Amino acid sequence: MEHDTHRTDATHHPAAHEDDHASRAPGASWSTAVKATLHCLTGCVVGEILGMAIGTALLWGNVPTMALAITLAFLFGYSFTLFAVLRTGLGLRSAIKVALAADTVSISVMELVDNAIIALTPGAMDAHLSDGLFWSALLGGFAVAFLITTPVNKWMIGRGKGHAVVHAYH
């Protein structure tokens, strides 16, 4: 009889059953994934814009400009996490491991998407800093990269990977 009551409640109140299941199932909220992606995006944006601006201003070719932008995006992306984790008192070696574990996949996906959009946008790689095409391709690439990277981060955090490793130090 007790089983039938539970069954009736679950039948009439599916949300209660789903909440119970969700509390036991691994996962991450979209809010957590968005925050992690925005954190990662901030470092990528700073590094990418700086690299693209430097390469473009120095009239470098497309390949060295993109290489500099990608390198600086990883550098700034890792640095933001590294400095935050170091402030918690974690040693440098351990903090580096946390930053690498937290950000490598997220930054890689973000950079792959962003740079693919820039490379595939006709004329974007040849545009100058004063051209709207330069900025629209760059910022549009970031927007699309954010949309693609957020579900990746949600999936990783839900499995205890990516930015989930940083949460132990907050």
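Within each chain, residues carry numbers counting from 1 in the order of the written sequence. pLDDT decides what is reported in this predicted model: residues at 70 or higher carry local features, side-chain atom pairs at 80 or more are listed and counted, and totals for whole chains, interfaces and linings draw on all residues regardless. For the side-chain quantities, the full set of heavy atoms in the structure was used; hydrogens and water were omitted.

(A) Highlighting the environment of M110. By definition, any uninterrupted DSSP run of H or I lasting at least four residues is a helix, any uninterrupted run of E lasting at least two residues is a strand, and each is numbered from the N terminus. Within the secondary structure, M110 sits in helix α5 (residues 92-120). Between the C-alpha atoms of M110 and V45, which are 65 residues apart in sequence, the distance is 9.9 Å.

(B) Highlighting the nonpolar core. The definition of a nonpolar core used throughout is a set of buried Ala, Val, Leu, Ile, Met, Phe, Trp, Tyr and Cys residues joined through side-chain atoms within 4.5 Å. For each residue, the accessible area found with a 1.4 Å probe, counting protein chains only, is set against the maximum for its type, and the residue is called buried under 20%, exposed over 50%, and partly exposed in between. By size, the foremost hydrophobic cluster in this structure holds 23 residues, and its most contacted members are C44, M52, I107, M110, I118 and L138. For this core, the secondary structure elements donating two or more residues are α3 (30-57), α4 (62-86), α5 and α6 (132-158). The element best represented in this core is α6, accounting for six residues. Contacts: residue pairs with any heavy atoms within 4.5 Å of one another. Apart from the residues within four sequence positions on either side, I107 is in contact with C40, C44, F74, G77 and Y78. A95, V98, A99 and V166 belong to the second-largest nonpolar core, a separate cluster that totals eight residues.

(C) Spatial organisation of the environment of V45. Within the element layout of this structure, V45 appears in helix α3. Taking the C-alpha atoms as reference points, V45 and E111, 66 residues apart in sequence, are found 9.7 Å from one another.

(D) A look at a nonpolar patch on the surface. On the surface, L50, I54, L58 and W60 cluster together to form a nonpolar patch covering roughly 350 Å² of accessible area. Topologically, I54 is positioned in helix α3. Here, patches come from residues exposed beyond 30% relative accessible area and free of salt bridges, joined within 9 Å for like charges and within 5 Å for nonpolar side chains (Val, Leu, Ile, Met, Phe, Trp, Tyr). Exposure was quantified through the Shrake-Rupley algorithm and a 1.4 Å probe, taking into account, for residues, occlusion by the shown protein chains and nothing else. Any Lys or Arg side-chain nitrogen found within 4 Å of a carboxyl oxygen on Asp or Glu counts as a salt bridge.

(E) Fine view of the packing of aromatic side chains. Two aromatic rings from Phe, Tyr or Trp, using only the six-membered ring of Trp, form a pair when their centres are within 6.5 Å; if the ring planes differ by under 30 degrees the pair is stacked, by over 60 it is edge-to-face, and anything between is tilted. Taken as a whole, this structure holds three aromatic pairs when the rule is applied. Ring centres of F76 and F80 lie 6.4 Å apart, and the angle between their planes is 90 degrees; this geometry places the pair in the edge-to-face category. One end of the pair, F76, and the other, F80, are both in helix α4, four residues apart, so they sit about a helical turn from each other. Between the aromatic rings of F134 and W135, the centroid separation amounts to 4.8 Å while the plane-to-plane angle is 80 degrees, which identifies the pairing as edge-to-face. The exposure class of F134 is buried, given its relative accessible area of 5%. Above the face of the W30 ring, K154 is positioned so that its terminal group lies 5.0 Å from the ring centre. Whether a charge sits over a ring depends on NZ of Lys or CZ of Arg being within 6 Å of the ring centre and within 35 degrees of the ring normal.

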